[in-house]
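Spelled out from the first residue to the last, the chains are:
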Amino acid sequence: MTHTGASTARGAGFGHQPDRPPISGPLSFLAEERDRLAGLRWRSFEVRQLSPTVGAEITGVTLGGPLGQEVTAELREALFAYKVLFFRDQPLTAAQHVEFARRFGDLEVHPFAPPNPSEPHLVRFEKSATAAGYENIWRHDVTWRECPSMGAVLHAIAVPAVGGDTLFADMCAAYEGLDDATKVRVEGLWAVHDYLQTFGRVMSTEKLARARERYPTVRHPVVCRHAATGRRHLYVNRAFVSHLEGLEPAEGADLLEQLCRQAECPEYQCRLRWSTDTVAFWDNRAVQHYATSDYWPSVRVMERASIIGSRPAA
């Protein structure tokens, strides 16, 4: 199906730029997924859908308490359906945080980010006037790993009164929104993922050499098939992709930028305004996320557990 004309109403629109055709009018291909999600029913909790295809607020579950297999299985199913789940008023100790995340798989230890002092499986993001936030870039986490995270559980410990929101973008919708010519163009393409332009920038020469031995660059398909749902999604991001294989540098950079811009479409997004003890649980394959850096010099403290995934496949 060609997503042009009435199907997505992509047209010249206001402020048309020839090198960046805008989206103008209804993105009608979102309707089928919106209606499918609206029809889902759950036994163990209540769900409030937050946008047409991504994001849901869950009530009726206490993450720090005992969860039966049925509840865990339903949460996993809900995660794959809505791609990111939000839970309010969930005070968690570090041990409870890790215990909840482990229900969905083994946890990774991040080799570069600072951990919780007592729990190495939790990455701690502690921001203030002396340590500003730099996470305001669209990304999937740790795509420079051979087997990147399946998902992540982020707990808000201290948040500013205003600002510090996190946005999530549905990369399945982002793929579906590509025109047919671009879909053909990206079919079979591979992207090289690297941490050099992020974590590597603050490493000494010696530390970087050691990191290279343990974590060399990896390649993943530009378009992946989700291991659980079978849906196709874009899997490139500005933070960790160095280049696209098989293309001239200028051509590859232009195409990569076009694909990365897909995450910026508001119709593919939901937005979380944090409060203390809010928890976000996202599918790191199906969504990208962006933490707004608009709260300096206020304090923002978050901790994240990441669940080990499988190698991405086309």
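Located above this text is the structure these notes cover.
Enquirer: Explain the pairing of strand E16 (residues 300–308) residue by residue, including any values.
Expert: Where burial is concerned, most of E16 is hidden: eight out of the nine residues are buried. Direction of pairing for strand E6 (residues 149–158) relative to E16: antiparallel, over a ladder of eight bridges. Opposite His 155, over in E16, you have Glu 303 as the bridge partner.

Enquirer: Outline the layout of surface pockets, listing residues and values.
Expert: Taken as a whole, the largest pocket holds about 600 Å³ of empty space. What lines the largest pocket is a set of 21 residues, and nearest its centre among them are Phe 125, Lys 127, Tyr 134, Glu 135 and Phe 199. Here the element with the most residues in the lining of the largest pocket is strand E5 (residues 119–127); it accounts for five residues.

Enquirer: I'd like a rundown of empty space enclosed by the protein, residues and numbers included.
Expert: Under the defined criterion, the tally for this structure stands at three cavities of 30 Å³ or more. Put simply, the largest cavity is a space of about 110 Å³. Surrounding the largest cavity, Phe 125, Glu 135, Arg 139, Leu 154, Thr 166, Trp 282, His 289, Ala 291, Arg 300, Met 302 and Arg 304 form its lining. For the lining of the largest cavity, the elements supplying multiple residues, two or more each, are strand E15 (287–291) and E16. Ranked by the residues each element gives to the lining of the largest cavity, the list is headed by E16, at three residues. In the lining of the largest cavity, the residues fall into five nonpolar, two polar and four charged. Contributing to the lining of the second largest cavity are Leu 63, Gly 64, Gly 65, Gln 96, Glu 99, Phe 100 and Arg 103.

Enquirer: Pulling in residues and values, what's your account of the nonpolar core?
Expert: Ranked by size, the top nonpolar core spans 30 residues in total, and within it Val 61, Leu 75, Tyr 82, Leu 85, Phe 87, Phe 100 and Phe 281 carry the most contacts. Ranked by residues supplied to this core, first place goes to helix H2 (residues 69–82) with seven residues. Filtering out sequence-adjacent residues up to four positions away, Leu 85 remains in contact with Ala 56, Ile 58, Leu 75, Ala 78, Leu 79, Val 279, Ala 280 and Phe 281.

Enquirer: Outline the sheet that holds strand E12 (residues 241–244), listing residues and values.
Expert: The antiparallel open sheet is built from three strands, whose spatial order is E9-E8-E12. Strands with a single pairing partner mark the edges of an open sheet, and in this sheet they are strand E9 (218–221) and E12. Averaged over all pairs of adjacent strands, the angle between their axes in this sheet comes to 30 degrees, without regard to strand direction. Bridge count between strand E8 (residues 190–193) and E9: four bridges; the pairing is antiparallel. Bridge pairing in E9 links Trp 190 to Pro 221.

Enquirer: Can you explain unusual backbone geometry? Please cite residues and give values.
Expert: Along the chain, Trp 296 connects to Pro 297 via a cis peptide bond; the corresponding omega equals 5 degrees. Within the secondary structure layout, Pro 297 lies in the loop between E15 and E16. Residue Lys 83 is not a glycine yet carries a positive backbone phi of 80 degrees. Residue position: Lys 83 is located in the loop between H2 and strand E3 (84–87).

Enquirer: Go over the packing of aromatic side chains, please, and point to the residues and values.
Expert: Considering all chains together, one arrives at 18 aromatic pairs under this definition. With 5.4 Å between their ring centres and 75 degrees between their planes, Trp 144 and Tyr 195 make a pair best called edge-to-face. Separated by 51 residues along the polypeptide, Trp 144 in the loop between E5 and E6 and Tyr 195 in the loop between E8 and helix H6 (205–214) bring together distant segments of the chain. Judged by its relative accessible area of 1%, Trp 144 is buried. For Tyr 195, a relative accessible area of 0% puts it in the buried group. A connected cluster of aromatic rings, assembled from ring pairs, spans Phe 112, Trp 144, Tyr 195, Phe 199, Tyr 215 and Phe 240. When the ring centre of Tyr 175 is taken as origin, the NZ or CZ atom of Lys 183, which lies over that ring, is 5.0 Å away.

About the thresholds
- Residues numbered from 1 in each chain as written.
- Predicted model: local features only at pLDDT ≥ 70, side-chain atom pairs only at ≥ 80, totals over all residues.
- Heavy atoms only, no water.
- Buried < 20%, exposed > 50% of the residue type's maximum accessible area, 1.4 Å probe, protein only.
- Helix = DSSP H or I, 4+ residues; strand = E, 2+ residues; numbered from the N terminus.
- Pairing = 2+ DSSP bridges.
- 1 Å grid on protein atoms, 1.4 Å probe; cavity = no way out; pocket = protein on both sides within 12 Å on 5 of 7 lines; lining within 4 Å.
- Points joined across faces, edges and corners; volume = space filled by probe spheres on them.
- Nonpolar A, V, L, I, M, F, W, Y, C, P; charged D, E, K, R; others polar.
- Core = buried A, V, L, I, M, F, W, Y, C linked by side-chain atoms within 4.5 Å.
- Contact = heavy atoms within 4.5 Å.
- Axes fitted to C-alpha atoms, helices over the stretch in contact; angles between N-to-C directions.
- Phe/Tyr/Trp six-rings, centres within 6.5 Å; stacked < 30°, edge-to-face > 60°.
- Lys NZ or Arg CZ within 6 Å of the ring centre and 35° of its normal.

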